[in-house]
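Breakdown of the fold
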Amino acid sequence: MRTRRLMALIAALLAVILAPGAASAAPPTWSPPSNLVTPLNQVWQHQEQTYNNGNLYGFRNYGWDQIMANRGYINYCVRWDSSANVTAAQRDQIHAALARQHKKWMDELVGHNAWPYGDVPVKVVGWAVRNRAQLQWSDTSVDIYVNDIRENAPQCSAPCGRFFNQNGQYPRCPGGYARHYDQSLWLTDGFGGGAGGDWGQRMGREYFMNNINAANMTILLHEIGHTWGLDDFYDWTPSGVSNFIMRAGSSASITEFDAWMFRDWWRHLKSRYGY
């Protein structure tokens with residue numbers, strides 16, 4: 001009787017495993033739409049030829065390197081390059097807006113090609129400002145750096161910054177590893193457009209605050225793309241695609257092509273991290 005029950009159980013399990021559509025539950029690997037294969041290949045070839053003097057793989061501070069060193073989160077410090085005051089409520093709104101926009105990129109990886117994280121928390125661990133009185137809160141939820149000027153702007157502590165410590169060690173950071181920051185959100189009065197790289201993202205303070213509740217903060221999304229390695233397209237356009245957020249001015253939001261370019265980075269770098 002027990003043997004019959006065991007055989008029935010095995011048969012039932014095999015039926016589930018072999019049922020039509022069962023294979024579709026497996027995590028997708030590299031399967032871009034056929035119309036995107038050629039432009040994706042063009043983009044990757046262009047990046048390999050032009051990044052880091054032709055040694056794209058030799059650079060070790062892409063957003064990918066940062067998140068893997070942290071095992072699944074990203075820390076930020078805000079460079080408040082402004083004469084405006086900031087309330088505690090605004091501080092928390094800035095953190096929330098940054099987290100929402102960052103999540104839009106991270107969501108494109110979930111369940112894809114052995115990507116290990118279902119969620120990537122964004123933590124704001126510090127603020128840099130010229131005058132402490134501009135920050136209108138007294139709690140100790142974030143570290144505060146006052147009038148440490150670099151590039152004519154308030155700077156977060158260099159001993160705590162990933163850009164300055166790319167080996168991932170922070171022996172002179174007062175808060176240790178838990179208070180290190182991987183990227184800066186640099187908000188500058190009157191700054192037009194944006195900039196982005198392994199160090200973080202920069203844009204106008206007015207732009208950010210005016211769009212703090214927007215569904216898509218286009219400039220921030222574009223600059224976050226650069227932090228993870230995505231290219232600009234000022235002087236060329238891949239075949240068959242023209243509207244995507246990394247081609248500045250052509251899309252307000254992340255498109256299917258942006259998502260596959262992003263996944264292509266993971267495809268090419270994941271072996272670096274043992275995936």
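About the cut-offs
Residues numbered from 1 in each chain as written. Predicted model: local features only at pLDDT ≥ 70, side-chain atom pairs only at ≥ 80, totals over all residues. Heavy atoms only, no water. Phe/Tyr/Trp six-rings, centres within 6.5 Å; stacked < 30°, edge-to-face > 60°. Helix = DSSP H or I, 4+ residues; strand = E, 2+ residues; numbered from the N terminus. Buried < 20%, exposed > 50% of the residue type's maximum accessible area, 1.4 Å probe, protein only. Axes fitted to C-alpha atoms, helices over the stretch in contact; angles between N-to-C directions. Parallel < 35°, antiparallel > 145°, perpendicular 65-115°, else oblique. Left-handed = near helix turned anticlockwise from the far one by under 90°. Contact = heavy atoms within 4.5 Å. Nonpolar A, V, L, I, M, F, W, Y, C, P; charged D, E, K, R; others polar. Disulfide = S-S within 2.5 Å. Pairing = 2+ DSSP bridges. Salt bridge = Lys/Arg side-chain N within 4 Å of Asp/Glu carboxyl O.

An unreviewed UniProt entry lists the protein under the name Cellulose-binding protein, from Actinoplanes italicus.

**Overview of the packing of aromatic side chains**
Using the criterion set out here, one finds 24 aromatic pairs in the structure. A centroid spacing of 4.8 Å and a plane angle of 85 degrees characterise the contact between Trp-64 and Trp-228, whose relative ring orientation is edge-to-face. Note that Trp-64 is positioned in helix α3 (residues 63-70) and Trp-228 in the loop between α6 (218-227) and α7 (256-269), a separation of 164 residues in sequence. Each member of the pair, Trp-64 as well as Trp-228, is classed as buried.

**Let's talk about the packing of helix α4 (residues 88-106) against α6**
It is the contact of α4 with α6, at a shortest axis distance of 10 Å, that shows an interaxial angle of 55 degrees. One finds that α4 runs oblique with respect to α6. Pair α4 / α6 crosses with right-handed handedness. Packed against α4, whose contacting residues are Leu-98, Gln-101, His-102, Lys-104 and Trp-105, the element α6 presents Leu-220, Leu-221, Ile-224 and Gly-225 at the interface. Its residues assigned to classes, the contact of α4 with α6 shows 5 nonpolar, 3 polar and 1 charged.

**Details of the state of the cysteines**
Within this structure, the stated rule accounts for 2 disulfides. Each disulfide pairs two cysteine sulfurs, and for Cys-77 the partner residue is Cys-156, the sulfurs being separated by 2.1 Å. When the S-S torsion is -95 degrees, as for the bridge of Cys-77 with Cys-156, the disulfide is left-handed. You can see Cys-77 sitting in strand β1 (residues 74-81) and its partner Cys-156 sitting in the loop between β7 (153-154) and β8 (183-188), a full 79 residues away along the chain. Should the bonded cysteines of the protein be numbered as they appear in the sequence, the pairing reads 1-2, 3-4.

**A look at the sheet that holds β1**
Across the sheet, 6 strands lie side by side as β5-β3-β1-β8-β10-β9; this open sheet has mixed pairing. Each having just a single partner strand, β5 (143-146) and β9 (194-197) make up the two edges of the open sheet. With strand direction ignored, the average angle separating the axes of adjacent strands in the sheet is 20 degrees. Note: β9 against strand β10 (residues 200-204), 4 bridges, orientation antiparallel. Bridged to Gly-194 within β10 is Met-203.

**Observations concerning the pattern of salt bridges**
For the coordinates displayed, the defined rule picks out 12 salt bridges. For the salt bridge of Glu-151 with Arg-79, the shortest nitrogen-to-oxygen distance reads 2.9 Å. Taken together, the positions of Glu-151 in the loop between β6 (149-150) and β7 and Arg-79 in strand β1 put the pair 72 residues apart, joining distant regions of the chain. Relative accessible area serves as the criterion here: at 47%, Glu-151 is assigned to the partly exposed category. Looking at Arg-79, the relative accessible area reads 5%, which means it is buried. Here Asp-264 ties to Arg-267 by a salt bridge, and the two come within 2.9 Å at their closest N and O atoms. Highlighted residues: Asp-264 and Arg-267, both in helix α7, separated by 3 residues, approximately one helical turn. Classification of Arg-267 by relative accessible area gives partly exposed; the value is 29%. Look at the salt bridges and you will find they share partners, linking Arg-79, Arg-150 and Glu-151 into a network.

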